[in-house]
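Structural description and commentary
Residue strings, one per chain:
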Amino acid sequence: MRAPSPPRLAEALLARVVRHRDRSEEILGDLAEEHREIVRARGRLVAHLWYWYEALGIGSHYLFRRHRRKRERRRDGTMRSLLRDSKHALRGLLREPSYTAIVVVTLALGIGANAAVFSMVDALVLRPFPIPDIARLVMVWQTDPSRDWDRSNASPADFLSWKEQTTGFDDLVAMEWWDVNLSGVGEPERLQGSLVTPGFLDVLGVEPLLGRTLGADRDQFGAKTAVISYQLFSRRFGSDSSILGTAILLNGERYDVVGVAEEGFDYPYGTDVWAPLWFDAETAANRESQYLTVIGRMREGTSVEDLQSELELVSERLAREYPSTNEGRGVKTMALARAVIDLGAPAFLAMWQATTAFVLLIACVNVANLLMARGGERQRELCLQQALGAGRYRIVRQLLTENLWLAALGALLAVPLAWLGIEILRTSMPANIQRFVVGWKEIDLDWRALGFTAAVALVTAFVFGLLPAWRASRPDLTASLKEGGRASSRGRERQRGRSLLVVTEVALTLMLLVASGLSIRGAIRLTQSDQGYDPDGLMTMEVALPETKYDEEEARLQFYRALVEGARQLPEVVSADCVNILPSSGSNTSRDIEIEGQPVENPSERPHVQYRVITDSFFETMRIPIFSGRTFDGGDRTDTRRVTIVSQGFAERFWTGDDPLGRRFRISSEEDAEWLTVVGVSGDVLHDWFLGIPGATFYVPMEQAPRLGMHLALRVRGDPEAVTPAVRAIVREIDPDQPLFTVMSMRRMLAERTIGLRYAASVMAILGLIALVLAAVGIYGVIAYSVSRRSHEIGVRVALGADRRDVLKLTVGQAVRITGLGIAAGLLLAYGAGRLMASHLFGVVQLDATTFVALAGVLATASLLAGYVPARRALELDPVVALRTE
């Protein structure tokens, strides 16, 4: 009887899968023997099913193993290819150290500039406030369409209404600026402080270094407790923990120190002391005065949009219930991480980042140009590789590997350059300014910046390398081998491509130069232009009297009278006066007013103007002109008619074409306010460059409106700052507990107030200079390459009688054409960039033709010089030698 055979199809498939012949025969033999046993024992059908089951299992195993081996071989092949390409690339770069160094340095400048600016953007804009769970913190403002300002502080009553009538907050807290005099511990000192509702520090996630926060004082109304900053703890108390539980004198009152904040926390920026903020019945009902900064912690699952909607309903309800104060008021909610960002920072940083991106693009164009030139020189090598079987993909991969190594080396060099740039940027900002710049302490070359650098390097490698690699991978095999790689017939086409890149480079460079020039001219114009007074020879300092000690107005007047009279007696002082707010001091005071004969139906639409309190000869000390009327004098006292001097802008705004003298107005926000009679018109003063134009201002005599805090202005002979010790002695003699602070000359105050502008202009100037150098190098490279390629032609021309002028026309003429085209395109780009800057930089930048023409001339000169150097080399060519090069 014939033995039963296994299924033929299963046998055939298994034999095909198991390719090893001996192994296949062994497996098939074993399965056939087992199949026969099963047929005899359980029948043919069961045996066939069993055979298929076993065949499929064994076949799957072999197929999977074969696929795995193939994948491993492919991976090993890729790694070997990459290693081979890397070794080849490094050998090629080492053979040409000059070329490698130029490319690496060029890339390092572009990548380093981007990394440094990214570090600033990251610290100042992207994450300026590193506190835990910041995503749940929001800031709430009131809005006032009549004042075109959507970030007004809140009144105490409105804050309490928000807190009571909303459900989206875990907690809603508020703070009030509270700068105080610290006395009783050595030299008196002015501290930046904040009065905060008791849960304020807890909402911000502060973990005290010592003691506790103010949260435990919620139920102890009126408690005089304080938490001090780590900086104050170290600086004034020598990090002595015994300060905990002891009392310190703040504005003459005793406050028990209950905690020391963790190191690094000083929000609002620069704060040294926090104390509880309490609302008595009268304050809690106040909806007029808006001085509270409000911060809330959202409940889990609540969004900023939910809170905005809820607060808008509350705001509408308050407007109906309290129309005299709340009509027209709105509310604005914003994430705290966005809210604390300086309003001017994003615009300037965006300008820097865009500028550095263009610098990098110029660097890439330069490097691409060098690579294209090098690709032309390597035509013979590439042709040989192609002739030996290398495909186009293989050549492109090899060239891109070289580019990746160049970019990697550039990134390595960019890291120390970026670090150096960051250190220069950090140290060039005065320390007393740094502490108030949100996020400044966080500027560092951290892992985020390093990651950004690596990403930029990777992108850069493809940007500058892809086009040259693609073009170089298409060598004209026959022509190149025939011409020995010396003068490919495609050289003219490549030269046109390189010239086009340089035209692009020149255009981008001119755009950056004009942007830099407009920034610099804007900064100079704002800092050196007429401020409305004479800042030279002017010394300034500030005094703030504590209300607890100087509650009576007469006591304040006596203090400042004694201070001004004492200062006027100093031999180096020409004149001395007081004012509540000095120009460029960074502060401002304004009032709503009611003009006699110009009634306003809606109280919220009353005019809002700047308010200054001065002593009698303030205009003389500041050298502000009086256009009509008189200044204040000894006859303007508390018991006489209320008088005022208005600025020219004030007079033109409210009494256009009429004589303002004798006109009257009053401060509408003060109950029973008396009418102020205009007795003089002064010149306008630019109080802050940020405002752009002088605002309408009115001045009242200190004798009729004594203040606690005043600035002292001294017109001094010689060095203004030399008078400081004598003035300190006068203050110490009047009241030894009063510190003098913000002591500086007016020139220095102006410089610090505008340091952001000068800072931005300096950075733009550096970036513009880098772009100019890169453009010059690019033009030099093109002309030098052209001269080298046309040396035979030049030799023929010289041999036929061409003079130096003809040769110069041939070589420099090319530079003139390239530069001309680039400048024409660059002027269009620069005009667009200038308009964009003018619209986003608060009026700092203004378009002016002089800057455009001057910088186009600078770029043209630099370009022609860069083109003249290789042209001189062409003039020195020996015709005999040049002809032999063919």
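Rules and cut-offs
Residues numbered from 1 in each chain as written. Predicted model: local features only at pLDDT ≥ 70, side-chain atom pairs only at ≥ 80, totals over all residues. Heavy atoms only, no water. Helix = DSSP H or I, 4+ residues; strand = E, 2+ residues; numbered from the N terminus. Buried < 20%, exposed > 50% of the residue type's maximum accessible area, 1.4 Å probe, protein only. Contact = heavy atoms within 4.5 Å. Areas by Shrake-Rupley, 256 points an atom, 1.4 Å probe, with all protein chains shown as cover. Axes fitted to C-alpha atoms, helices over the stretch in contact; angles between N-to-C directions. Parallel < 35°, antiparallel > 145°, perpendicular 65-115°, else oblique. Left-handed = near helix turned anticlockwise from the far one by under 90°. Nonpolar A, V, L, I, M, F, W, Y, C, P; charged D, E, K, R; others polar. Salt bridge = Lys/Arg side-chain N within 4 Å of Asp/Glu carboxyl O. Pairing = 2+ DSSP bridges. pLDDT = per-residue confidence, 0-100. Expected span 1.5 Å × (residues − 1). Patch = residues over 30% accessible without salt bridge, like charges linked within 9 Å, V, L, I, M, F, W, Y side chains within 5 Å. Lys, Arg positive; Asp, Glu negative; His and termini not counted. Charge placed at Lys NZ, Arg CZ, Asp CG, Glu CD. Phe/Tyr/Trp six-rings, centres within 6.5 Å; stacked < 30°, edge-to-face > 60°. Lys NZ or Arg CZ within 6 Å of the ring centre and 35° of its normal. Arc of directions from axis to C-beta.

1. What to know about the overall build of the chain
Tallying secondary structure elements over the chain gives 28 helices and 24 strands in all. Residue burial in the chain is summarised as follows: out of 886 residues, 50% are buried. Of the contacts formed within the chain by residues at least 6 apart in sequence, a portion of 80% connects residues at least 24 apart. Surface exposure of the chain reaches about 41700 Å², of which carbon and sulfur atoms provide 56%.

2. With respect to the packing of helix α4 (residues 97-126) against helix α14 (residues 392-427)
Two elements in contact, α4 and α14, have axes whose closest approach is 6 Å; the angle formed by their N-to-C orientations is 45 degrees. Between α4 and α14, the interaxial angle falls into the category oblique. In the crossing of α4 with α14, the sense of the turn from one axis to the other is right-handed. Here the contact of α4 with α14 is built from residues that sort into 21 nonpolar, 4 polar and no charged.

3. Quick word on the pattern of salt bridges
In the structure shown here, the tally under the stated rule is 32 salt bridges. Across the pair D616 and R568 runs a salt bridge, and its minimum N-O distance is 3.4 Å. Here the residue D616 occupies a position in the loop between β17 (608-614) and α20 (618-622), and R568 occupies one in helix α19 (residues 553-568), the gap between them amounting to 48 residues. With relative accessibility at 32%, the residue D616 sits in the partly exposed group. Through salt bridges with shared partners, a single ionic network connects R136, D170, R299 and E300.

4. Some thoughts on the pairing of strand β19 (residues 643-647)
With 5 of 5 residues buried, β19 lies mostly within the body of the structure. Burial along β19 is two-sided: the residues V643, I645 and S647 and T644 and V646 are all buried. The sheet contact formed by β19 and strand β21 (residues 676-682) spans 5 bridges and is parallel. Residue T644 lies in a different strand from β21, and its bridge partner there is V678. With 2 bridges joining them, β19 and strand β22 (residues 697-701) adopt antiparallel strand pairing. Paired with V646 across the bridge in β22 is F698.

5. Quick word on the confidence of the model for the chain
If pLDDT is low for a region, its predicted coordinates should not be looked at in detail. Chain-level statistics for the chain give a pLDDT mean of 82 and a share of 88% at 70 or above. Overall, residues 483-489 carries pLDDT values under 50, and its contacts beyond four positions in sequence, including any with other chains, amount to 14 contacts.

6. Here's the deal with helix α9 (residues 304-321)
In this model α9 runs 26 Å from its N-terminal to its C-terminal C-alpha over 18 residues, within 8% of the 26 Å that 1.5 Å per residue would give. Within the sequence span of α9, burial applies to L307, Q308, E310, L311, V314, S315, L318 and A319. Where α9 is buried, its residues contact β1 (137-144), α5 (156-165), β3 (169-177), β12 (293-298), α10 (323-326) and β13 (330-335).

7. Here's the deal with a nonpolar patch on the surface
Together, L90, W405, L409 and L412 make up an exposed nonpolar region whose accessible area comes to about 330 Å². In terms of residue count, the dominant contributor to the nonpolar patch is α14 (3 residues). Locating L90 in the fold gives a position in helix α3 (residues 44-95). Relative accessible area serves as the criterion here: at 30%, L90 is assigned to the partly exposed category.

8. Some words on unusual backbone geometry
Leaving glycine aside, a negative phi is the common case for residues, and trans is the common case for peptide bonds. Here the bond from Y267 into P268 is cis, since omega is -10 degrees, no more than 30 degrees from zero. Of note, P268 is situated in the loop between β10 (253-260) and β11 (273-276). A positive phi angle is found at S584, which is not glycine, with a value near 65 degrees. For T742, which is not glycine, the phi torsion reads 50 degrees and is therefore positive. Here T742 shows up in strand β24 (residues 741-745).

9. Digging into a positive patch on the surface
A cluster of basic residues, R16, R19, R68, R69, K70, R71, R73 and R74, forms a positive patch on the protein surface. Sort the elements by how many residues they give to the positive patch and α3 lands first, with 6 residues. Note that R69 resides in helix α3.

10. Details of the pairing of strand β15 (residues 573-579)
Taken across its 7 residues, β15 has 6 buried, putting it largely inside the fold. As defined by bridge partners, β15 adjoins strand β23 (residues 709-716) across 6 bridges and the pair is classed as antiparallel. Note that in β23 the partner of A576 across the bridge is L714.

11. Overview of the side chain of N251
In this fold, N251 is placed in the loop between β9 (247-250) and β10. Note on N251: relative accessible area 14%, which makes it buried. Not counting the four nearest positions on each side in its chain, N251 is found in contact with W178, D179, V180, N181, R190, P546 and T548.

12. Focus on the packing of helix α1 (residues 8-17) against helix α2 (residues 21-42)
Close contact between α1 and α2 brings their axes to 9 Å; oriented N to C, the two are set at 155 degrees. Taken together, the axes of α1 and α2 lie roughly antiparallel to each other. As α1 packs across α2, the resulting crossing turns out to be right-handed. Contacts between α1 and α2 involve E11, L14 and A15 from the first element and S24, I27, L28 and L31 from the second. Looking at the contact of α1 with α2 residue by residue, the class counts come to 5 nonpolar, 1 polar and 1 charged.

13. Looking at a negative patch on the surface
Residues E547, D551, E552 and E553 make up a contiguous surface patch of negative charge. Along the chain, the position of E552 falls in the loop between β14 (538-544) and α19.

14. Section: the environment of P701
Looking at where P701 falls in the secondary structure, it is placed in strand β22. Distance in space between the C-alpha atoms of P701 and R642 is 8.8 Å, their sequence separation being 59 residues. Once you skip the residues sitting within four places of it in the chain, P701 turns out to touch V613, I614, F632, D636 and V643.

15. Description of the packing of aromatic side chains
Under the counting rule described, the total for this entry stands at 18 aromatic pairs. Centre to centre, the rings of F159 and F279 are 6.1 Å apart; their planes meet at 55 degrees, and the pair counts as tilted. One end of the pair, F159, is in helix α5; the other, F279, is in the loop between β11 and α8 (281-284), and 120 residues separate them in sequence. F279 shares its class with F159; the two are buried. Through successive ring pairs, a cluster of aromatic residues spans Y611, F650, F654, W655, F665 and F698. Cation over ring: R287 sits above Y322, and NZ or CZ is 3.9 Å from the ring centre.

16. Regarding helix α23 (residues 746-753)
Those residues of α23 lying buried are M746, M749, L750 and E752. For α23, the buried positions fall inside an angular range of 165 degrees around the axis, keeping them on one side.

17. As for the environment of L14
Within the secondary structure, L14 sits in helix α1. Linking L14 and A55, residues 41 residues apart in sequence, is a C-alpha distance of 6.1 Å. Setting aside anything within four residues of it in sequence, one finds L14 in contact with I27, L28, L31, A55, I58 and G59.

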